[in-house]
Amino acid sequence: MASENEIINVIKLVKKASKGFQNTALAEVASVPQNAFQVLVSCIISLRTKDEVTAAASKRLFDVAHTPEKIARMDWKSIGLLIKPSNYWKTKAKRIKEIARQINEMGYVPDTMDELLKFKGVGRKTANIVLVYGHGKKYHIPVDTHVHRIPNRLGWIDTKTPEKTEVALESIIPRRYWSDFNDLFVSFGQNICKPVSPKCDECSVSKYCRYYKTVYTKKNTLL
Ligand code: SF4
């Protein structure tokens, strides 16, 4: 189990390494004043879709309609054609229309996990992103595939699901790092600690990493 000091050191090194990388889709979302509704819609578009496709698809949609009222008035096919080629664009278009309709009726974008999870197609990762980036609530850690994988490789946690990772990370990451954690580790995961063939030779945190000390070093010694 890594100590708090070690975890803080790694977070700082990851932050330093991430400075040279292209912004993640979330960083782009956070850099433009958007409302929580747009954050929610962008997040739905982003599921299983590359950052650059998400950013372009969100822009095309919001250039035509950016409020719940306007999107609720569109038919799902028109929404779909704007967010294409995002993966599963038909399903996403129907969900976006329905969520827009519900939010338009409610008159607000929920700012609690429980309420957000009631929308069809919204899971904990999306809800946490809306809370952090849409409502400015700092004390949430959105867990996607990178945030799930990297702390497990580092040896900080041993979890099988993103939900368990969220709980485990909340117990070991100092709260001041929570809101930036997703963006930092997504960027690091896209550029260095990739899902397949992580670039361990270029990694500034290898000396702290369980995967490096076990799997990677062993594999390379055998070569
Ligand atoms: Fe990921 Fe390799 Fe760095 Fe460990 S050493 S964090 S596995 S890139």
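Residues numbered from 1 in each chain as written. Predicted model: local features only at pLDDT ≥ 70, side-chain atom pairs only at ≥ 80, totals over all residues. Heavy atoms only, no water.

Quick one: what's the story with the site of the ligand, residue by residue and with numbers?
Around the ligand, the neighbouring residues are Arg 153, Ile 192, Cys 193, Pro 198, Cys 200, Cys 203, Val 205, Ser 206, Cys 209, Tyr 211 and Tyr 212. Grouping the amino acids of the shell around the ligand by side-chain chemistry returns nine nonpolar, one polar and one charged. (Near = heavy atom within 4 Å. Nonpolar A, V, L, I, M, F, W, Y, C, P; charged D, E, K, R; others polar.)

Describe in detail a positive patch on the surface, supporting the description with residues and values.
A cluster of basic side chains, namely Lys 77, Lys 84, Lys 90 and Lys 94, defines a positive patch on the protein surface. For Lys 90, a relative accessible area of 45% gives the class partly exposed. (Patch = residues over 30% accessible without salt bridge, like charges linked within 9 Å, V, L, I, M, F, W, Y side chains within 5 Å. Areas by Shrake-Rupley, 256 points an atom, 1.4 Å probe, with all protein chains shown as cover. Salt bridge = Lys/Arg side-chain N within 4 Å of Asp/Glu carboxyl O. Lys, Arg positive; Asp, Glu negative; His and termini not counted. Charge placed at Lys NZ, Arg CZ, Asp CG, Glu CD. Buried < 20%, exposed > 50% of the residue type's maximum accessible area, 1.4 Å probe, protein only.)

I'd like a rundown of the domain arrangement of the protein, residues and numbers included.
Domain annotation for the protein reports domain 1 (4-21 + 140-216) and domain 2 (32-134). Distance between the C-alpha centres of domain 1 and domain 2: 27 Å. Taken together, the 10 residues of domain 1 in the interface contact eight residues of domain 2. Across the domain 1/domain 2 interface, buried area totals approximately 790 Å², and carbon plus sulfur atoms make up 57% of it. Area buried by domain 1 at its contact with domain 2 is led by His 140, Pro 142 and Glu 166, which between them contribute 54% of it. On the surface where domain 1 and domain 2 come into contact, there are one salt bridge. (Domains from an automatic or database assignment. Contact = heavy atoms within 4.5 Å. Buried area = accessible area lost by both parts, 1.4 Å probe.)

Talk me through helix α11 (residues 162-172); I want residue IDs and the actual numbers.
For α11, the complete set of buried residues consists of Thr 165, Glu 166, Ala 168, Leu 169 and Ile 172. On its buried face, α11 is in contact with α1 (4-18), α9 (124-134), α10 (145-154) and α12 (178-191). (Helix = DSSP H or I, 4+ residues; strand = E, 2+ residues; numbered from the N terminus.)

Can you break down empty space enclosed by the protein residue by residue, with the values?
Summed over all chains, the structure comprises one cavity of 30 Å³ or more. Of the volumes computed, that of the largest cavity is approximately 120 Å³. The wall of the largest cavity is formed by 15 residues, among which Phe 188, Cys 193, Cys 200, Cys 203 and Cys 209 lie closest to the centre. Among the elements that make up the lining of the largest cavity, the one with the highest residue count is α10 (three residues). Residue classes in the lining of the largest cavity are distributed as 12 nonpolar, one polar and two charged. (1 Å grid on protein atoms, 1.4 Å probe; cavity = no way out; pocket = protein on both sides within 12 Å on 5 of 7 lines; lining within 4 Å. Points joined across faces, edges and corners; volume = space filled by probe spheres on them.)

So what's going on with the nonpolar core? Which residues, and what values?
Leu 40, Leu 61, Ile 71, Ile 83 and Ile 96 are the most contacted members of the largest nonpolar core, which has 35 residues in total. Those elements that provide at least two residues to this core are α3 (36-46), α4 (51-64), α5 (68-73), α6 (76-83), α7 (89-106), α8 (113-116) and α9. The biggest single contributor to this core is α3, with eight residues. Residue contacts for Ile 71: discarding those within four places in its chain leaves Phe 37, Leu 61, Ala 65, Ile 79, Ile 96, Lys 97 and Ala 100. Grouped together as the second largest cluster of nonpolar side chains are 32 residues, Leu 154, Ile 157, Phe 181 and Cys 209 included. (Core = buried A, V, L, I, M, F, W, Y, C linked by side-chain atoms within 4.5 Å.)

Give me the side chain of Asn 182: which residues, what numbers.
Structurally, Asn 182 can be placed in helix α12. According to the relative accessible area criterion, Asn 182 is buried, its value standing at 2%. Reaching out from Asn 182, the side chain makes a polar contact with the backbone oxygen of Pro 142 at a distance of 2.9 Å. (Polar contact = N/O pair within 3.5 Å; in protein donor to acceptor, adjacent residues only side chain to side chain.)

Describe the packing of α10 against α12, listing the residues and the values that go with them.
Between two packed helices, what matters for the description is the angle formed by their axes and the separation of those axes. Axis separation between α10 and α12 bottoms out at 9 Å; the angle between their running directions is 75°. Judged by the angle between their axes, α10 and α12 are roughly perpendicular. Each of His 146, Val 147, Arg 149, Ile 150, Pro 151 and Leu 154 in α10 lies in contact with α12, whose residues at this interface are Phe 181, Asn 182, Phe 185, Val 186, Phe 188, Gly 189 and Gln 190. When its residues are assigned to classes, the contact of α10 with α12 shows eight nonpolar, four polar and one charged. (Axes fitted to C-alpha atoms, helices over the stretch in contact; angles between N-to-C directions. Parallel < 35°, antiparallel > 145°, perpendicular 65-115°, else oblique.)

I'd like a rundown of the pattern of salt bridges, residues and numbers included.
Overall, the coordinates contain seven salt bridges when judged by the stated rule. Among the ionic pairs, Asp 158 bridges to Arg 210, the shortest N-O distance being 3.0 Å. With Asp 158 in the loop between α10 and α11 and Arg 210 in helix α13 (residues 210-222), this residue pair connects regions lying 52 residues apart in the sequence. For Asp 158, a relative accessible area of 65% corresponds to the exposed category. Note on Arg 210: relative accessible area 32%, which makes it partly exposed. Taken together, the shared-partner salt bridges in this structure form one network comprising Glu 98, Arg 101 and Glu 105.

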